[in-house]
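What follows is the residue order along each chain.
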Amino acid sequence: MQSGQLDVPLGLASPGRRVFPVAACQSSAEPPEPKEQVLVRMGRGYTVEESVEKYLASLSAAAGSCKTGLFIGQSSAQKDFVVLAVKTPHRESEGGSDSRRVSGPLDDTDADWVAEHARQVSRMLPGGMNVLGLFLITPPELSKEAQNTLKRLLFAVDRCISKSRLWDLSEDDVTDRITLHICSKTRKAICRTYDVKDPKCSAKPADWKYLSSISSSWPVLTCSVRVDLQFPVTESSSEKCMKDGLRRWAKQIEAGLCLINGRPASDDSELLSGLKKSTKTSQQTIQAQILVSEEDPVRRCSAVVQASSGSVRVRGTVHCRAYIHTNKPRTRHAAQAIKRDVVSTVSNRVEMLLEDQQMNEGGPANEQQDLPRRVFAPLPGSRLTVCDYMFPDETAADVAERLKEMLDWESAEGDIDTRVESPARRSASVSEADEGCGDGAAQDVPTESTAEPVKQQKASQYYAGVAVAAAVALLATATSLLYLNE
């Protein structure tokens, strides 16, 4: 077995803290000669929730088939935390089964399906939570190509998720992603990491440890932000114009000042310093507020006049939430997580509305439409929550069905929190940050989108001009007649 490879049967470790060794164990009783010894560097550390081990142990792959899935969690400078594993949902096909039957590596269609599942799941994650990697379960006859397949899937997933991201990665962002291959017969696992920003990278070893309740004491940051955005659009590229407008707004949010419990979060101090320590029976809630300044006057003066066919206005109040690990987190990391959640929840709703219109062959361009509102559901056996977006014509049952399909768990309708954002009301709002409201309901509407076609405006202006011209002509005629009579 190669150096840096994990080769340990799942489910056979001792109770409590379990560690997958990075180097292979020597089966010979005689110590190797010094010249044959190989020094193995420890790879990136991964602390994994025990429920993930149980979930993986419950999955299997039949002969000639395989199963893929995602790892979800949070990264830090020192190590990553994996709190959830979810299998890729079944792709409907004639005569298909729950597992895909393949004769070799997964084809491009399967890669696209895995990447699309990762994109949908990433929408359901609050701030601070990300897709950290993939797992692949295969029978022994398909294990040979497993690592090449995992690497290809990993880069496909990263490309798909990056397309929807409206911010640039910072120096603090971790780009290593985990892959885990499991043999369905022997339950042996091979764990490796790849740097998704380097397509030519080679596999690196990893330190994989199972612990219980790793996220039970994670604090949660909450805030509500009022949004009032207007984007000029053209008939040929309205979607691109909206994304460009959202990207400019995202930079404003990124540059804004974040207050955590009323204090600026611009320094490098520890987030939990001076705060009451959370226990396994309680979760600490931290109030956040984002203050955004007006647009830079220099940039405003450099604006150019551009023809447009209409405009789209997005306004309302969004509820934002982010979870932060307790491994000495910094305030700037917490501010980054909640800001990114603000940007993600708005852009996700706009994307979902555009997708819904495409599926329904469009809709009236000059009407106000309600964007989906955000709802939350608890992660089983954890204090963490995931989110979903509910359109006005949907119910909690629809959300529970999506949770089952995307995250592979049963969620009771009563456990889904639909109160954090109120149903849309036809009222105006201002573009400024509101104080965090904890887990209570947001005070204004969620977001709503209004399209204002320029052609309609021009038509109304045209008819008004004709009416005024006619009135002037009649007045001139009357004046002339009076003059002639005299």
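Residues numbered from 1 in each chain as written. Predicted model: local features only at pLDDT ≥ 70, side-chain atom pairs only at ≥ 80, totals over all residues. Heavy atoms only, no water.

*Asks:* Before we go on, may I ask you to explain the overall build of the protein chain in this structure?
*Replies:* A tally of helices and strands in the protein chain yields eight helices and 19 strands. Residues classed as buried in the protein chain amount to 46% of the 486 residues present. Of all intrachain contacts in the protein chain linking residues separated by at least 6 positions in sequence, the fraction that spans at least 24 positions is 77%. Carbon and sulfur atoms make up 51% of the accessible area of the protein chain, which totals about 25,400 Å². (Helix = DSSP H or I, 4+ residues; strand = E, 2+ residues; numbered from the N terminus. Buried < 20%, exposed > 50% of the residue type's maximum accessible area, 1.4 Å probe, protein only. Contact = heavy atoms within 4.5 Å. Areas by Shrake-Rupley, 256 points an atom, 1.4 Å probe, with all protein chains shown as cover.)

*Asks:* Please explain the side chain of Thr179 as it appears in this structure.
*Replies:* Here Thr179 is to be found in strand S8 (residues 176-183). On the basis of relative accessible area, Thr179 is assigned to the buried category, the value being 0%. Every residue in contact with Thr179, bar those within four places of it in the chain, is listed here: Leu134, Gln147, Leu150, Leu154, Ile190, Cys191, Arg192 and Tyr194.

*Asks:* What is the right way to read the nonpolar core from this model?
*Replies:* Formed by 46 residues in total, the largest nonpolar core has its most connected members in Ile72, Leu134, Val386, Leu403, Leu407 and Ile416. With seven residues, the single largest contributor to this core is helix H3 (residues 146-163). Here Leu134 is in contact with Gly69, Leu70, Phe71, Val114, Leu150, Leu153, Leu154, Val157, Ile178, Thr179 and Leu180, once residues within four sequence places are set aside. Counting 45 residues, the second-largest nonpolar core is a separate cluster that includes Ala250, Ile290, Val314 and Leu354. (Core = buried A, V, L, I, M, F, W, Y, C linked by side-chain atoms within 4.5 Å.)

*Asks:* In this structure, what is going on with the environment of Phe376? I would like to understand it.
*Replies:* Counting through the fold element by element, Phe376 comes out in strand S17 (residues 373-378). In this structure, the C-alpha to C-alpha distance between Phe376 and Asp417, residues 41 residues apart in sequence, is 5.1 Å. Among all residues touching Phe376, those that are not within four sequence positions of it are His319, Arg321, Thr385, Val386, Cys387, Asp415, Ile416, Asp417 and Val420.

*Asks:* Looking at this structure, I do not really get unusual backbone geometry. What am I missing?
*Replies:* With glycine set apart, most residues show a phi of negative sign, and most peptide bonds adopt trans. Even without being glycine, Arg187 reaches a positive phi, approximately 60 degrees. When you line up the elements, Arg187 lands in the loop between S8 and strand S9 (188-195). A relative accessible area of 15% places Arg187 in the buried class. Within the chain, Lys328 stands out as a residue other than glycine whose phi angle is a positive 50 degrees. Within the secondary structure layout, Lys328 lies in the loop between strand S15 (310-323) and helix H6 (331-359). For Lys328, a relative accessible area of 61% gives the class exposed.

*Asks:* Whenever I open this one, the pairing of strand S14 (residues 285-291) confuses me. Can you help?
*Replies:* Where strand S11 (residues 220-233) meets S14, three bridges bridge the pair, whose relative direction is parallel. The residue bridging Val220 from the neighbouring strand is Thr285, located in S14. Where strand S12 (residues 257-260) and S14 come together, four bridges link them in antiparallel fashion. Bridge pairing in S14 links Leu257 to Leu291. (Pairing = 2+ DSSP bridges.)

*Asks:* Got a minute to help me understand the pattern of salt bridges in this structure?
*Replies:* Between side chains of opposite charge, a pair can form when the charged atoms approach closely. The full count for this structure, using the stated rule, is 22 salt bridges. Of the charged contacts, one joins Arg44 and Asp80 as a salt bridge, the two residues approaching to 2.6 Å between their closest N and O atoms. On the criterion of sequence distance, the pair formed by Arg44 in strand S3 (residues 44-49) and Asp80 in strand S5 (residues 79-87) is long-range, its members being 36 residues apart. Side by side, Arg44 and Asp80 carry an identical accessibility label, which is buried. Of the charged contacts, one joins Arg374 and Asp341 as a salt bridge, the two residues approaching to 2.9 Å between their closest N and O atoms. Of the two residues, Arg374 is situated in strand S17 and Asp341 in helix H6; the sequence distance between them amounts to 33 residues. (Salt bridge = Lys/Arg side-chain N within 4 Å of Asp/Glu carboxyl O.)

*Asks:* Looking at this structure, how should I read the pairing of S17?
*Replies:* Walk down a regular strand and you will see the side chains alternate between the two sheet faces. With respect to burial, S17 is a largely interior element, five of its six residues being buried. Looking at chain direction, S17 and strand S18 (residues 385-390) are connected through six bridges and run antiparallel. Directly across from Pro378, in S18, lies its bridge partner Thr385. In this structure, the hairpin formed by S17 and S18 is closed by a connection of six residues, where Gly381 is found at a positive phi of approximately 70 degrees.

*Asks:* Where do I start with the environment of Arg330 in this structure?
*Replies:* Relative to the helices and strands, Arg330 resides in the loop between S15 and H6. A relative accessible area of 27% means that Arg330 is categorised as partly exposed. For the pair Arg330 and Ala265, spaced 65 residues apart in sequence, the C-alpha separation works out to 8.8 Å. In contact with Arg330, not counting residues within four places along its chain, are Asp268, Ser269, Glu270 and Leu271.

*Asks:* Sorry if this is basic, but what is going on with the confidence of the model for the protein chain here?
*Replies:* Atomic detail in the predicted coordinates should be set aside for any region of low pLDDT. Across the protein chain, pLDDT averages 78, with 69% of residues at or above 70. With pLDDT under 50 throughout, residues 453-459 is counted as low confidence; its partners more than four residues away or in other chains account for 11 contacts. (pLDDT = per-residue confidence, 0-100.)

*Asks:* In this structure, what is going on with the packing of aromatic side chains? I would like to understand it.
*Replies:* What the rule picks out here adds up to five aromatic pairs. Seen in terms of ring centroids, Trp208 and Tyr210 are 6.2 Å apart; in terms of plane orientation they differ by 85 degrees. Their pairing is edge-to-face. Look at Trp208 and you get buried, because its relative accessible area is 0%. Judged by relative accessible area, which is 0%, Tyr210 ranks as buried. Members of the aromatic cluster, connected to one another through ring pairs, are Tyr46, Phe71, Phe135, Trp208 and Tyr210. If you follow Arg321 out to its NZ or CZ, it ends over the ring of Phe376, 3.8 Å from the centre. (Phe/Tyr/Trp six-rings, centres within 6.5 Å; stacked < 30°, edge-to-face > 60°. Lys NZ or Arg CZ within 6 Å of the ring centre and 35° of its normal.)

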